Amino acid sequence: MSEELNPFAIAQRQLDEAAATMGLSSSTHELLRWPMRELHVNLPVRMDDGTVRTFHGYRVQYNTARGPAKGGIRFHPNETIDTVRALAAWMTWKTAVLDLPLGGGKGGVVCDPKPLSQYELERLSRAYIRQIHSFLGPDIDVPAPDVYTNPQVMSWMLDEYETITGRHSAGVITGKPLPLGGSQGRAGATGLGIVVTIREALKMLGMNLQGTTASVQGFGNVGRSTVINFIKVLGGHVTHISCWDNDDRKAYTYSKKDGIDADFLLTITDPYGTIDKDAALQAGYTLDDGDAWLEAEVDVLIPAALENVITAQTADRIHSSVRILAEAANGPTTPDADATLNERGVYVIPDFLCNAGGVTVSYFEQVQNAYGYYWDEATVHERLDDKMSAAFRAVHEAVQGYGVNNRMGAYIVAVNRVVEACSLRGWI
Ligand code: GLU
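Caption draft 1: Structural context of the overall build of the protein chain. Each helix and strand in the protein chain was counted, giving 15 helices and 12 strands. In summary, the protein chain has a C-alpha radius of gyration of 20 Å against a globular reference of 22 Å for 428 residues, a match within 12%. By its C-alpha atoms, the protein chain is 55 × 55 × 45 Å across when sized along the principal axes. Buried residues in the protein chain amount to 59% of all 428 residues. In the protein chain, once contacts between residues fewer than 6 apart in sequence are set aside, the share between residues at least 24 apart is 72%. Approximately 17,000 Å² of the protein chain is accessible, and the part contributed by carbon and sulfur atoms is 49%. Charge centroids of the protein chain, computed over 37 positive and 51 negative side chains, lie 4 Å from each other.

Caption draft 2: The sheet that holds strand 1 (residues 37–46), seen in detail. Strand order in the open sheet formed by 5 strands is 1-2-4-3-5, with mixed pairing between adjacent strands. Here the strands that pair on one side only, and so sit at the sheet edges, are strand 1 and strand 5 (141–145). Across the sheet, the axes of successive neighbouring strands diverge by a mean angle of 25°, strand direction being ignored. Bridging between strand 1 and strand 2 (residues 52–63) involves 10 bridges; their strand directions are antiparallel. What sits directly across from Val41, in strand 2, is Gly57. Packed on one face of the sheet, helix 3 (residues 81–97) meets strand 1, strand 2, strand 3 (69–76) and strand 4 (104–110) and runs near 35° to strand 2. Seen against the sheet, helix 4 (residues 118–132) touches strand 1, strand 2, strand 3 and strand 4 and runs at an angle of roughly 140° to strand 1.

Caption draft 3: Structural context of the packing of aromatic side chains. Taken as a whole and assessed by the stated rule, the structure comprises 9 aromatic pairs. Arranged with centres 6.3 Å apart and planes meeting at 15°, the rings of Phe264 and Tyr285 form a pair that is stacked. A residue pair is termed long-range when its members are at least 10 positions apart, and Phe264 in helix 8 (residues 262–267) and Tyr285 in the loop between helix 9 (277–282) and strand 9 (286–289) qualify at 21 residues. The exposure class assigned to Phe264 is partly exposed, which follows from its relative accessible area of 27%. Relative accessible area serves as the criterion here: at 4%, Tyr285 is assigned to the buried category. Three or more aromatic residues joined by ring pairs make a cluster, and in this case those are Tyr62, Trp93, Phe352 and Tyr411. Stacked on the ring of Phe219, the Lys or Arg Arg224 has its end atom at 5.8 Å from the ring centre. Geometry around Trp375 places Arg383 over its ring, the cationic atom sitting 4.4 Å from the centre.

Caption draft 4: The sheet that holds strand 9, seen in detail. Ordered by their spatial adjacency, 7 strands build an open sheet running 9-8-7-6-10-11-12, and the pairing between neighbours is mixed. A single partner strand is all that each edge strand has here, and the edge strands are strand 9 and strand 12 (347–349). On average, each strand axis in the sheet is tilted by 20° relative to the strand beside it, whichever way the strands run. Here 3 bridges tie strand 11 (residues 324–326) to strand 12, and the two strands are oriented parallel to one another. Paired with Ile324 across the two strands is Tyr347, which belongs to strand 12.

Caption draft 5: Up close: the site of the ligand. With respect to spatial proximity, 14 residues lie near the ligand, and among them Lys70, Lys94, Pro145, Asp146 and Ser362 are the closest. At 3.1 Å from an oxygen atom of the ligand is found a side-chain nitrogen or oxygen belonging to Arg186. Contact distances for the ligand include 2.6 Å between an oxygen atom and a side-chain N or O atom of Ser362. In the complex, the protein chains occlude 93% of the 300 Å² of accessible area that the ligand would expose alone. Classifying every residue of the shell around the ligand by side-chain character gives 4 nonpolar, 5 polar and 5 charged.

Rules and cut-offs
Residues numbered from 1 in each chain as written. Predicted model: local features only at pLDDT ≥ 70, side-chain atom pairs only at ≥ 80, totals over all residues. Heavy atoms only, no water. Helix = DSSP H or I, 4+ residues; strand = E, 2+ residues; numbered from the N terminus. Rg over C-alpha atoms; globule rule 2.2 N^0.38 Å. Buried < 20%, exposed > 50% of the residue type's maximum accessible area, 1.4 Å probe, protein only. Contact = heavy atoms within 4.5 Å. Areas by Shrake-Rupley, 256 points an atom, 1.4 Å probe, with all protein chains shown as cover. Lys, Arg positive; Asp, Glu negative; His and termini not counted. Charge placed at Lys NZ, Arg CZ, Asp CG, Glu CD. Pairing = 2+ DSSP bridges. Axes fitted to C-alpha atoms, helices over the stretch in contact; angles between N-to-C directions. Phe/Tyr/Trp six-rings, centres within 6.5 Å; stacked < 30°, edge-to-face > 60°. Lys NZ or Arg CZ within 6 Å of the ring centre and 35° of its normal. Near = heavy atom within 4 Å. Polar contact = N/O pair within 3.5 Å; in protein donor to acceptor, adjacent residues only side chain to side chain. Nonpolar A, V, L, I, M, F, W, Y, C, P; charged D, E, K, R; others polar.

Okay, structure coming up:
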């Protein structure tokens, strides 16, 4: 991976810029540039054919000054320690910008879960927890789902942890199914939060909420919940969706001029977010190259997949109609592309603000687990909207106060809060 596209180098570069703007001392800056703790684990897993395969995994606890480390676990063939470090750093800024009493962490296992059987996936999930359990706990580090993990994987992980420790502790992991202590509204929380930030951005720009158009990359948990909320809550139209074919090598863009039918597309989409091409063509969808979503003539562009999709090269292909870039994915935009977008006046909703709805409802899930008392969906949605709107306002104030772009505004709010906690603890 080139240094330019190394997600951790990018995360550090973003922090460096914030540190310079804020005038952080060099010792504080150095503390925040690196994870506080990271685990590298080897996971021997018995496959269905009787052989043993060893997988590699990581858990990074980036900063825990504000509370237990918090962040998802990703299963992906391209996972690297630097990707996990970057994601853990962004989790630290994400929980801080939302003012949640949590730190930041992230986990990853280098694997392609698609060809694994359910039994193999279960053994892999349990093996990961066996290796890291002593560094987890409701007051230590609390994982959750991320790319290619889901509530079933969380269930196996919870069960492994509780079997080892010999007690129930629902709060050790979030994104659980409802019968195991999950929260109402968690599955769609990231998408709803994204749409709340888009709504606030549209208001800020004096644009109509109804009839807004969007093009989306990704139809996994985040992509689909964003699309559904964009259509149903905001009253907009999603005209393009891009997703990977099931080998993760080639992507396609599916489009319909008057807007896609999300409910229908979900009936022809697999659990990993791959749409069935033939069924989509038969239903009258236009099929284009995977990158076509980027060039769509829409108001809002929503990358909801992986890192580094908006680069210096691809940023120039974005249509002049695009007013808002809503970063549903973590780290979708490289610093060079950021500069281009700023010059063009695109309103960027930075990732760790835009997609913080998931971790916010994870936090609500922890609160409910601690009390053993559960809220209804309307309560979750209302509290999520309040939290996201407050964070949006805090970032906007920093943008105005410091005269910086939105990403830097979000960094300034988050880093200030983390620095305050580090300082009160006497770390700096
Ligand atoms: N994986 C999600 C994220 O990147 C959710 C993390 C969580 O709920 O802890 O924000």
